[in-house]
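Letter by letter, the chains look like this.
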Amino acid sequence: RNQGHIINVASLAGWEAYGGGNIYCGTKHAVRAISRSARVDLLKHNIKVSVISPGAADTEFSLVRFKGDKEKANKQTLIEYVNRVQKYIDRLGE
């Protein structure tokens, strides 16, 4: 076939780490690294590799992380999202 497009889903947590996110941030960073390597390896076969890195989403993830404290989960999720986006924007300007 010699063509195709692989799309992997990572997270902004793969770009910036946060406290208590060792495993999650590490695995999302790994998705990005594996995708970048696969992109190089598969280019000669006309196969594209992309990564989608969504930001904050309305899931129970933060609620579980903060042991059911919805107010703290919502506040911390928003703060972390804004900080990650700002760091990403700063990097683009470098």
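Higher on the page you've got the structure.
Here we summarise the structure given alongside this text. (Residues numbered from 1 in each chain as written. Predicted model: local features only at pLDDT ≥ 70, side-chain atom pairs only at ≥ 80, totals over all residues. Heavy atoms only, no water.)

What follows is about the side chain of Lys28. Tracing the backbone through its elements, the reader meets Lys28 in helix H1 (residues 22-42). What Lys28 contacts, discounting residues up to four positions off in sequence, is Val9, Ala10, Ser11, Ala13 and Gly14. (Helix = DSSP H or I, 4+ residues; strand = E, 2+ residues; numbered from the N terminus. Contact = heavy atoms within 4.5 Å.)

The next point concerns the packing of aromatic side chains. Working definition: an aromatic ring pair is given by the centre-to-centre distance plus the angle between the planes. The final tally for this structure, using the stated rule, is zero aromatic pairs. The side chain of Arg32 reaches across the aromatic face of Trp15, ending 3.6 Å from its centre. (Phe/Tyr/Trp six-rings, centres within 6.5 Å; stacked < 30°, edge-to-face > 60°. Lys NZ or Arg CZ within 6 Å of the ring centre and 35° of its normal.)

On to the pairing of strand S1 (residues 4-9), then. The sheet contact formed by S1 and strand S2 (residues 47-52) spans six bridges and is parallel. Bridging across to S2, Val9 finds its partner in Ile52. Read from S1 through H1 to S2, the crossover connection turns out right-handed. (Pairing = 2+ DSSP bridges. Right-handed = clockwise from strand over helix to strand, strands pointing away.)

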